[in-house]
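Structural description and commentary
Chain residues, written in single-letter form:
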Amino acid sequence: MPRTTRYHESVSRIRGAVTLTHLGLWAERATRAFWPLWSVLLLALALLMLGVQDLLPLEAVWTLIVVFGLGALVTLGLGLRRFRWPHRQEALDRLDATLKGRPLQTLRDTQMIGGSDAASVAVWRAHQDRMAARAAQARAVSPDLRVSQRDPYALRYVAVLALAVALLFGSFWKVSSVTGVAAGGQGLASGPTWEGWVEPPAYTGLPSLYLADQSGATLEVAEGSRITLRLYGEVGALTVSETVSGRTAEVPSAAEASQSFEVRQPGGLTIEGPGGRSWQITLTPDTRPQVRVIDEITTAARGEMSLPFEAQDDYGIRSGEAVITLDLAQIDRRHLLAAEPEPREAITVPLPLPISGSRAQFNETLIEDFSQHPWANLPVKIELQVRDDRDQASAPEVIAAPLPGRRFFDPFAAAIIDQRRALLWSRENAPDIAMILRAVTHRPDDLFRSAVPYLRMRTIQRRLESFADAGMTTAQRDELAAAMWDLAVLLEDGDLSDALERLRRAQERLAEAMKNGASEQEIAELMQELREATQDYMRQLAQQQREQGEQGQQQAQNPENMMEMTQDDLQAMMDRIQELMEQGRMAEAEQALAELQQMLENMQVTQGQQGQGQQSPGQQAMDGLAETLRDQQGLSDQAFRDLQEQFNPNAQQGQNPNNQGRDGQQGQGQEHQQGEGEGQGQQEGQGGGEQQGETGQQGGLADRQEALRRELERQRGALPGQGTEAGRRAQDSLEDAERAMDGAEQALRGNDLPEAIDRQAEAMDALREGMRNLGEALAEEHREQGGQGDTAGAREGERQDPLGRDTGNSGTVNSGEDLLQGEDVYRRARELLDEIRRRSGEGARPEIERNYLERLLDRF
């Protein structure tokens, strides 16, 4: 076969690859030669789409046309000079260069020697056959379109970026307007023309309207929109008349080529002349924003004000503020407030706005602390006002109320705050204030509990007298006001490091709150402070008892003359006091508080004389949680048996009948935890047989679950060790247990036993975790107290936790035997897990046992 024939056959087989490579050469050379041209054209198109020709004067438009025209001609000439016409053979050569051995070139070669030798000819033909097969595998070569070496400053990307911006924010409709602008005053062969558009305010988020596309005779636009018109052609051929801008002065000529005005009122817009249009424009009014207070002002115990409000606007609120002014007409101008007040600027605070989401309508709460301001607890007027993006202000929302601030329940601290207010009211009151403070501190023994506040008081008094004689400056007044505030806070809060002092302080503050009519929030916070102070005081008494040791035993009195009281009893009394206060029965609450105070004072005398017959608070808390855990386990077992009976009513016939008796005991223990006394517990034990038929009812289980949750909530409120990290973890774990119990209760009421069992398992896990953390907290307290053993509570027959381990004196769990250490722990765990798996697979075992083993496997 002639070499040319074989070559053409091979080329025809790869015709597609050759064509694509040829086209790639065209694209490559065109790109390298004409990239400046298309960069200029893209930049010009972007400017036209953005409407630059409509914003510039006619001279500037013509200048740009000439510049871009010359630029296009120059770049076109350079491109034609650089461009080389790609031939098909060049495509074949490029394709051949990518193949191993250049097979296409080989097919065009001729055998130079050995043509008369048959063996040599056969080898040559075999070689060409291999080259033909290799040439058939050719693939098109990608063009090299990179021009970075020719465009080191990446100017082509500037043009591409401008076009992308124009595509996003411009319009192809604006490109045609350049013909009218370029025609200018020369006129158009086709006659004059115009274009225009309406741009709503940016804050409305509404789109622009192109007037040529508006077919209706009525046009509704947002108030504040801007209308822009461009008139092209002979001057005077087209004129504009409008009544929507309300302009009266400096009105441009009706035939001016470029006009722009804002829509301020409804009216008409007419373009008179060839191709003119007319519209009747109506306004979508931008109404003023609105703001209103939606609830009463509340004050926290520490003085923070909370003022909920609602604001709304057509498009969105931009800002808002609250202005607080003193209401002099409502102030009782007596005593030190009789003088004229020193001028003070109104308090201005910004209103909180939503960080995300719409601001067209929202509810927020203004939270500020004005406790140290001179106007605190004085009548003021609070004016709320908001503004929209058009700077329209809402009608003021004015409320009159005392400016919220911290309330001081200690009489001496409240008196210091009154004198501080008088000093900030007017510096002319300084001599009278100094005289009052001198009279107060004349006999300080019965007034001050320690030397620290007395010394501070004397310092304030001397500086006040000195500044008053020399003429008090504003800075000196503010310095004294800050010192008086610190002194009042010290007198109000006291030295919290002393438990007894803190307890007395909490009792006094609560008593003052009862007399002064404190709010429910203040009552709740003061009651919580009393609970914490009582717990600290009990721990201090327990530590004092441990330190006295044998001396306390020797001084022990006859137990018949003493009344035992647990921390649960104290907690119940405090709950009762809070309930009476919330119901408004202040007289009964004051009487109950006096009884509690007397009992705590007696406890101070007799606690160290009771010897070692009582448990410590930590031991009591640990025993209570252990009892709760046992009762929860009993409830879970009963729910599991009820679930088995639902699927197989005969499954429980062979079970131990003592289970029912144990259920009765659990019911008795539950009632005992609810604090109903031993007598009722015995009645429940006697009536356990009557309740045996009801234990399978989910309503009874749900009631028992609810009672158990309430018991845990009460125990958590009296939990010791709250000042430590482990104590906080114990609180968190018990809160998780309460939530799980609540879920179990709801599931039981919904007759969803599987869900109830799962929630009960979570509650038991959380209880165990809480007991472990509580043990760590008690152990930490024990170490801080010198490592002495807790001698306050060894009773006969120490209780055991649900795992059968003895609970230690400090509240920690002790197994009574050495635990495995190191690798033995993991080995033993694997052995136990394998044994559980083996037993769960034995079909001969009872179904309830296998279900229990499967529950263990699912958990671990």
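Let me sum up the structure you'll find in this document. From a predicted model like this one, the values you see are computed outputs, not experimental measurements. (Residues numbered from 1 in each chain as written. Predicted model: local features only at pLDDT ≥ 70, side-chain atom pairs only at ≥ 80, totals over all residues. Heavy atoms only, no water.)

1. Considering the sheet that holds strand β16 (residues 397–402)
Our working definition: Pairing between two strands requires that DSSP report at least two bridges joining them. Counting from the N terminus, the helices are DSSP H or I runs at least four residues long and the strands are E runs at least two residues long. Interaxial angles span 0 to 180 degrees and are taken between N-to-C directions of axes, which are lines fitted to C-alpha atoms, for helices over the stretch in contact.
Strand order in the open sheet made by the four strands is β13-β12-β15-β16, with antiparallel pairing throughout. Only two strands of the sheet have a single neighbouring strand rather than two, namely β13 (347–350) and β16. Averaged over neighbouring strand pairs, the angle between their axes works out to 20° when direction is ignored. Pairing geometry for strand β15 (residues 379–388) and β16, over six bridges, is antiparallel.

2. Re the pattern of salt bridges
What counts here: When a carboxyl oxygen of Asp or Glu is within 4 Å of a side-chain nitrogen of Lys or Arg, the pair counts as a salt bridge. Buried, partly exposed and exposed residues are distinguished by accessible area as a fraction of the type maximum, computed with a 1.4 Å probe on protein chains only: under 20%, between the cut-offs, and over 50%, respectively.
Per the counting criterion, the structure on display carries 37 salt bridges. Arg716 serves as the salt-bridge partner of Glu735, at 3.3 Å between the closest nitrogen and oxygen. Pair noted here: Glu735 is in helix α24 (residues 725–749) and Arg716 is in helix α23 (residues 698–717), with a separation of 19 residues, a long-range link. Judged by its relative accessible area of 18%, Arg716 falls in the buried class. A single network of salt bridges, built from pairs that share partners, joins Asp703, Glu706, Arg709, Arg710, Asp742, Glu745 and Arg749.

3. Some remarks on a nonpolar patch on the surface
Condition: Nonpolar side chains (Val, Leu, Ile, Met, Phe, Trp, Tyr) are joined into patches within 5 Å and like charges within 9 Å, using only residues with over 30% relative accessible area and no salt bridge. Here the open area of atoms and residues is found with the Shrake-Rupley method and a 1.4 Å probe, where only the protein chains shown may cover a residue.
Judged by side-chain polarity, Leu58, Trp62, Ile65, Val66, Leu70 and Leu73 come together as a nonpolar surface patch covering roughly 530 Å² of accessible area. Note that Val66 resides in helix α4 (residues 58–82). Assessed through its relative accessible area of 45%, Val66 is described here as partly exposed.

4. Some points on the sheet that holds strand β5 (residues 239–242)
Strand order in the open sheet made by the four strands is β3-β8-β7-β5, with mixed pairing throughout. A single partner strand is all that each edge strand has here, and the edge strands are β3 (218–222) and β5. Sheet twist, expressed as the mean angle between neighbouring strand axes with direction ignored, is 25°. For strand β7 (residues 267–272) and strand β8 (residues 278–284), the ladder comprises four bridges, and the chain directions are antiparallel. Across the sheet, residue Gly268 finds its bridge partner in β8, namely Gln280.

5. Topic: the packing of helix α12 (residues 451–470) against helix α13 (residues 474–493)
Quick note on the threshold: These descriptions rest on fixed angle ranges, namely under 35 degrees for roughly parallel, over 145 for roughly antiparallel, 65 to 115 for roughly perpendicular, and the rest for oblique. The hand of a helix crossing depends on one turn: near helix anticlockwise from the far one by less than a right angle means left-handed, and clockwise means right-handed. Two residues form a contact once any of their heavy atoms are found within 4.5 Å. Under the convention adopted here, Pro, Cys and the residues Ala, Val, Leu, Ile, Met, Phe, Trp and Tyr are nonpolar, Asp, Glu, Lys and Arg are charged, and Gly plus all remaining residues are polar.
Between α12 and α13, whose axes approach to 10 Å, the crossing angle comes to 160°. In terms of orientation, α12 lies roughly antiparallel with respect to α13. As α12 runs across α13, the sense of the crossing is left-handed. Touching Val452, Pro453, Arg456, Met457, Ile460, Arg463, Leu464 and Phe467 of α12 are Gln476, Glu479, Leu480, Ala483, Met484, Asp486, Leu487, Leu490 and Leu491, all from α13. The residue makeup of the contact of α12 with α13, split by class, is 12 nonpolar, one polar and four charged.

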